[in-house]
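Each chain, written out:
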Amino acid sequence: VQLQASGGGLVQTGGSLRLSCAASGRAFSGYARGWFRQAPGKEREFVAAITWSGGTKTYADSVKGRFTISRDNGKSTVYLQMNSLKPEDTAVYYCAADPRWITMITDPRVWGQGTQVTVSS
């Protein structure tokens with residue numbers, strides 16, 4: 001049971017990145033999936049989440065209109081398209097999964113390793 005995040009990197013302000021989170025060892029069938037981030041010296045915070053069907057998505061206010069979460073259940077992969085990036089988006093981004101929507105947003109059961117996103121000014 002493993003979540004593998006990728007796609008982080010260094011980008012200038014206003015640029016874009018797409019993060020991916022692939023599941024292995026288990027299909028996470030029926031699980032909600034999502035992303036959190038942790039900036040240096042700050043607590044980990046919720047970024048975005050999506051239900052199994054993809055019919056419901058939710059975002060932190062700080063990323064609404066700039067980030068888009070999507071999923072491909074055939075590939076057991078969730079994506080986070082990040083546009084109009086700002087220096088304050090700099091953080092380690094973690095993917096996560098949980099069978100329940102409310103705990104996906106607050107305290108997900110399964111975590112992947114992080115991927116670093118750095119936005120230069």
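Just so it is clear, the structure is predicted and the values come from calculations on it, not from any experiment.

Caption draft 1: Summary view of the overall build of the protein chain. From N to C terminus, the protein chain includes one helix and 10 strands. Ordered by position from N to C terminus, the α and β elements of the protein chain give β-β-β-β-β-β-β-β-β-α-β. On C-alpha atoms alone, the protein chain measures out to a radius of gyration of 13 Å, which is about the 14 Å that the 2.2 N^0.38 rule sets for 121 residues. The C-alpha extent of the protein chain, read off along each of the three principal axes, is 40 × 25 × 25 Å. Within the span of the protein chain, comprising 121 residues, buried residues form 45% of the whole. Counting only carbon and sulfur atoms, one obtains 47% of the accessible surface of the protein chain, whose full area is about 6000 Å². The positive charge centre, built from 14 side chains, and the negative charge centre, built from 8, are 7 Å apart in the protein chain.

Caption draft 2: Looking closely at the sheet that holds strand β2 (residues 9-12). What the six strands build is an open sheet, ordered β2-β10-β9-β4-β5-β6; its pairing is mixed. Strands with a single pairing partner mark the edges of an open sheet, and in this sheet they are β2 and β6 (57-59). Between one strand axis and the next, the sheet turns by 25 degrees as a mean value, whatever way the strands run.

Caption draft 3: Here's a closer look at the nonpolar core. Core analysis: the largest hydrophobic core is formed by 36 residues, its most contacted members being Trp35, Leu80, Met82 and Tyr93. Listed by contribution, the elements that provide at least two residues to this core are β1 (2-6), β3 (17-24), β4 (32-38), β5 (45-50), β7 (67-72), β8 (77-82), β9 (91-98) and β10 (110-120).

Caption draft 4: View of the pattern of salt bridges. With the rule as written, the count across this model stands at four salt bridges. Among the salt bridges present, the one from aspartate 89 reaches arginine 37, with a minimum N-O distance of 2.9 Å. Within this pair, whereas aspartate 89 is found in the loop between β8 and β9, its partner arginine 37 is found in strand β4, the two being separated by 52 residues in sequence. With respect to burial, aspartate 89 and arginine 37 carry one shared label: buried. Across the salt bridge formed by arginine 66 and aspartate 89, the nearest N and O atoms sit 2.7 Å from each other. One end of the pair, arginine 66, is in the loop between β6 and β7; the other, aspartate 89, is in the loop between β8 and β9, with 23 residues separating them in the sequence. The same class applies to arginine 66 as to aspartate 89, namely buried. A network of salt bridges, in which partner residues are shared, links Arg37, Glu45, Arg66 and Asp89.

Caption draft 5: Region of interest: the packing of aromatic side chains. Tallying each qualifying case throughout the model produces four aromatic pairs. Between phenylalanine 36 and phenylalanine 46, the ring centres sit 5.5 Å apart and the planes meet at 80 degrees, which makes this aromatic pair edge-to-face. Of this pair, phenylalanine 36 sits in strand β4 while phenylalanine 46 sits in strand β5; the two residues are 10 residues apart in sequence, bridging distant segments of the chain. For phenylalanine 46, a relative accessible area of 17% gives the class buried. Here the aromatic rings of tyrosine 94 and tryptophan 111 are separated by 6.5 Å at their centres, their planes lie at 85 degrees, and the arrangement is edge-to-face. Here tryptophan 111 lies in strand β10 and tyrosine 94 lies in strand β9, a separation of 17 residues in the sequence. By relative accessible area, which is 31% here, tryptophan 111 ends up partly exposed. In this structure, arginine 44 is placed above the aromatic ring of tyrosine 94, and the distance from its NZ or CZ to the ring centre is 4.1 Å. It is arginine 44 that lies over the ring of tryptophan 111; its NZ or CZ is 4.3 Å from the centre.

Cut-offs applied
- Residues numbered from 1 in each chain as written.
- Predicted model: local features only at pLDDT ≥ 70, side-chain atom pairs only at ≥ 80, totals over all residues.
- Heavy atoms only, no water.
- Helix = DSSP H or I, 4+ residues; strand = E, 2+ residues; numbered from the N terminus.
- Rg over C-alpha atoms; globule rule 2.2 N^0.38 Å.
- Buried < 20%, exposed > 50% of the residue type's maximum accessible area, 1.4 Å probe, protein only.
- Areas by Shrake-Rupley, 256 points an atom, 1.4 Å probe, with all protein chains shown as cover.
- Lys, Arg positive; Asp, Glu negative; His and termini not counted.
- Charge placed at Lys NZ, Arg CZ, Asp CG, Glu CD.
- Pairing = 2+ DSSP bridges.
- Axes fitted to C-alpha atoms, helices over the stretch in contact; angles between N-to-C directions.
- Core = buried A, V, L, I, M, F, W, Y, C linked by side-chain atoms within 4.5 Å.
- Salt bridge = Lys/Arg side-chain N within 4 Å of Asp/Glu carboxyl O.
- Phe/Tyr/Trp six-rings, centres within 6.5 Å; stacked < 30°, edge-to-face > 60°.
- Lys NZ or Arg CZ within 6 Å of the ring centre and 35° of its normal.

Fair warning: the whole summary comes from geometry, so function is off the table for now.
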